[in-house]
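Residue-level structure breakdown
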Amino acid sequence: MEAFQTATDVFFVLMGAIMVLAMHAGFAFLEVGTVRKKNQVNALVKIIVDFAVSTIAYFFIGYGVAYGVDFFSNATVLSGSAMVDGQHLFASSGYDLVKFFFLLTFAAAIPAIISGGIAERARFYPQLIATAILVGIFYPLFEGLVWNNNFGFQDMIEATFGAPFHDFAGSIVVHAVGGWIALGAVVSLGVRRGRYTKTGGLVGIPPSNIPFLALGSWVLCVGWFGFNVMSAQSISGITGLVAVNSLMAMVGGILTALVAGRNDPGFVHNGALAGLVAVCAGSDVMHPIGALVTGGIAGVLFVWGFNQCQTRWKIDDVLGVWPLHGMCGLMGGIACGIFGLEALGGMGGVSFGAQLAGSLIGAVFAAIAGFVVYGTIKRTIGLRLSEEDEFDGADISIHKIGAYPEDDLRAS
């Protein structure tokens, strides 16, 4: 029975990893549908290559930074090279390996989030360098604080506020960190050429493909149930509460974004994601009505934040990843300390002070990391495409082919 239980846990976590891996297709098509046609190929290539770079960075560096796991521990030396001891890795039906896979898909979400904000004007290889640094060092530093109590972070929070910082599925660890890093990237890059008039007026750039945008949102929504529910990381820890809370937050975000966004399809489909981002932290402790309210607030917050970025603050965040992941993630981390309380129908075990402190620490840490990493790359090797390459589009400039080659041939 013990062997069966272990194997079941392995399968459970593996399915979670695969569902979150599939979410990266959602990130890709959300970006493909939003950017102009001349940048669609680049969106697809960025997401899959970022995942490959993230895997290498997290396997060799990041996972060890977060959890102290060294894949070369208990190694034997053969012909001068280290070989991982198979018995060590294969123990417990390889549970440690699939847990790495699952957490890798979370880590790889960081560059996938950032990708949408810097679309249409970022150079390819400098962005890959940023991905390696962020996934190998900065993201796991904060991940380890929250999910592994590195440096006694959670002990300090609990001693100060009476409860540890609660982030069940990553409203702060993944989404807020990704979103606030993206802010540094977007500001460092600057606005797209032609986005604003000389007098500061906004020049509208409509999405290139609403069906692709909607497809991306749907893929993300479905995968999110693996993201949230399977964060339990074992069959014994699974709870239907997480699934229902994810559902309620998603629909809350859809409906409020529909109203606040005045039926705009981009806001509607991103509203679903805003609700899911916000509920991650407290999906295991909130009452479903609390999750519905959290998602509803997130839907409105995304619409407001996106409009503020584009019209007032002149932050050219193409997909609105800072409002979506940064703002809504921050709000969700704090909301966990409200709607997770027993007084409001929650499961308890959370503290508003702990949630506020942990959420703000995560946002500040990520913003600093974003400005440092992307600012350094900008000042050294350069971060942005040339004016001519940006005009031609990243597809032709970087990949030498467009999304619709036959159309390009006919046009020429």
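Residues numbered from 1 in each chain as written. Predicted model: local features only at pLDDT ≥ 70, side-chain atom pairs only at ≥ 80, totals over all residues. Heavy atoms only, no water.

Put simply, the test is: UniProt positions are given in the numbering used here, feature names are shortened, and annotations may be inferred rather than shown by experiment.
As annotated in an unreviewed UniProt entry, the protein chain carries the name Ammonium transporter and is attributed to Thalassospira xiamenensis. Turning to the protein chain, the UniProt record has this under Subcellular location (unreviewed entry): "Membrane".

Some thoughts on the overall build of the protein chain
Here is the rule: Helix numbers and strand numbers start at the N terminus; a helix is a DSSP run of H or I with at least 4 residues, a strand a run of E with at least 2. We compute the radius of gyration from the C-alpha atoms alone; for a globule the expected value is 2.2 Å times N to the 0.38, where N is the number of residues. The cut-offs for exposure are 20% and 50% of the maximum accessible area for each residue type, with area from a 1.4 Å probe on protein chains only; residues under the lower value are buried, those over the upper are exposed, and the others partly exposed. Whether two residues are in contact is decided by their heavy atoms, any of which lying within 4.5 Å being enough. Note on areas: Shrake-Rupley, 1.4 Å probe, and residue coverage restricted to the protein chains presented here.
What the protein chain contains, in helices and strands, is 16 helices and 2 strands. Whereas a compact globule of 412 residues would reach a radius of gyration of roughly 22 Å, the protein chain reaches 21 Å, a difference of no more than 12%. Summarising its shape, the C-alpha atoms of the protein chain cover approximately 65 × 65 × 35 Å along the three principal directions. Relative to its full complement of 412 residues, the protein chain shows a buried share of 55%. Of the contacts formed within the protein chain by residues at least 6 apart in sequence, a portion of 79% connects residues at least 24 apart. Here the protein chain has roughly 16,800 Å² of accessible surface; of this, 68% comes from carbon and sulfur atoms.

Here's the deal with the pattern of salt bridges
Keep this limit in mind: Think of a salt bridge as a Lys or Arg side-chain nitrogen and an Asp or Glu carboxyl oxygen that are within 4 Å of each other.
Under the definition given, this model contains 7 salt bridges. Here Lys 46 ties to Glu 31 by a salt bridge, and the two come within 3.0 Å at their closest N and O atoms. One end of the pair, Lys 46, is in helix α2 (residues 40-67); the other, Glu 31, is in helix α1 (residues 2-34), with 15 residues separating them in the sequence. Residue Lys 46 shares its accessibility class with Glu 31, and that shared class is buried. A salt bridge links Arg 384 to Glu 390; the nearest nitrogen and oxygen atoms lie 2.9 Å apart. Relative accessible area serves as the criterion here: at 21%, Arg 384 is assigned to the partly exposed category. Several salt bridges converge on common partners, so that one network encompasses Arg 36, Glu 120, Arg 192, Arg 195 and Asp 316.

Brief notes about the packing of helix α10 (residues 265-279) against helix α11 (residues 288-312)
To characterise two packed helices, one gives the angle between the axes of the helices and the distance between these axes. What counts is decided by this rule: Angles shown run from 0 to 180 degrees and are taken between the N-to-C directions of axes, each axis being a line fitted to C-alpha atoms and, for helices, limited to the stretch in contact. Geometric relationships in this document are graded by angle, where less than 35 degrees denotes roughly parallel, more than 145 denotes roughly antiparallel, 65 to 115 denotes roughly perpendicular, and other angles denote oblique. Helix crossings fall into two classes, left-handed where the near helix is turned counterclockwise from the far one by less than a right angle and right-handed where it is turned clockwise. Each residue is assigned to one of three groups, with Ala, Val, Leu, Ile, Met, Phe, Trp, Tyr, Cys and Pro labelled nonpolar, Asp, Glu, Lys and Arg labelled charged, and all others, Gly among them, labelled polar.
Between α10 and α11, the least distance of the axes is 7 Å, while the angle of their chain directions is 125°. What the angle tells us is that α10 and α11 run oblique. When the axes of α10 and α11 are compared, the crossing they make is right-handed. Taken together, the residues of α11 that come into contact with α10 (itself represented by Phe 267, Asn 270, Ala 274, Gly 275, Ala 278 and Val 279) are Ala 291, Thr 294, Gly 295, Ala 298, Gly 299, Phe 302, Val 303, Phe 306 and Asn 307. Here the contact of α10 with α11 is built from residues that sort into 9 nonpolar, 6 polar and no charged.

Re the packing of aromatic side chains
Think of a pair of aromatic rings as described by two things: how far the centres are apart, and how the planes are tilted against each other in angle. Counted only if it meets this: Here a Phe, Tyr or Trp ring, Trp counted by its six-membered ring, pairs with any other such ring whose centre lies within 6.5 Å, and the pair is stacked when the planes are under 30 degrees apart, edge-to-face when over 60, and tilted otherwise. Ring-over charges, as used throughout, are those where CZ of Arg or NZ of Lys falls within 6 Å of the ring centre and within 35 degrees of the ring normal.
Under the defined criterion, the tally for this structure stands at 20 aromatic pairs. Ring geometry for Phe 302 versus Phe 306: centroids 5.9 Å apart, planes at 40°, classification tilted. Here Phe 302 pairs with Phe 306, and both are found in helix α11, just 4 residues apart, close to one helical turn. The class of Phe 306 is buried, set by a relative accessible area of 18%. Taken together, the aromatic side chains of Tyr 58, Phe 59, Phe 60, Tyr 63, Tyr 67 and Phe 100 make up a single cluster linked through ring pairs. Its end group placed over the ring of Phe 391, Lys 38 keeps NZ or CZ at 5.5 Å from the ring centre. When the ring centre of Tyr 67 is taken as reference, the NZ or CZ atom of Lys 99 above it lies at 5.8 Å.

Thoughts on unusual backbone geometry
Only a minority of non-glycine residues have a phi that is not negative, and only a minority of peptide bonds are not trans. Positive phi, close to 55°, is recorded for Asn 149, a residue that is not glycine. In this structure, Asn 149 sits in the loop between α5 (124-147) and α6 (153-161). In this structure, Phe 151 takes a positive phi of about 60° despite not being glycine. Positionally, Phe 151 belongs in the loop between α5 and α6.

With respect to the packing of α6 against helix α13 (residues 352-380)
Interaxial distance between α6 and α13 falls to 9 Å at its minimum, and their mutual angle equals 140°. Relative to α13, the element α6 is oriented oblique. Note that α6 runs across α13; the crossing there is right-handed. In this structure, α6 uses Phe 153, Ile 157 and Phe 161 to contact α13, whose residues at the interface are Gly 353, Ala 354, Ala 357 and Ile 361. Each residue belonging to the contact of α6 with α13 can be placed in one class, and the counts come to 6 nonpolar, 1 polar and no charged.

A closer look at the confidence of the model for the protein chain
The cut-off we apply is this: pLDDT expresses how confident the predictor is about each individual residue, on a scale running from 0 to 100.
Taken residue by residue, the protein chain gives an average pLDDT of 94. The fraction at 70 or more is 94%. Contacts from residues 75-86, a stretch scored under 50 in pLDDT, to residues over four places away or in other chains number 11 contacts.

A short note on α2
Stated formally: Bend angle per residue: angle between axes fitted to the 7 residues ending at that residue and the 7 residues starting there.
Within α2, the axis deviates most sharply at Tyr 58, by approximately 60°. Positive phi appears at Gly 68, one or two residues downstream of α2, with a value of about 70°.

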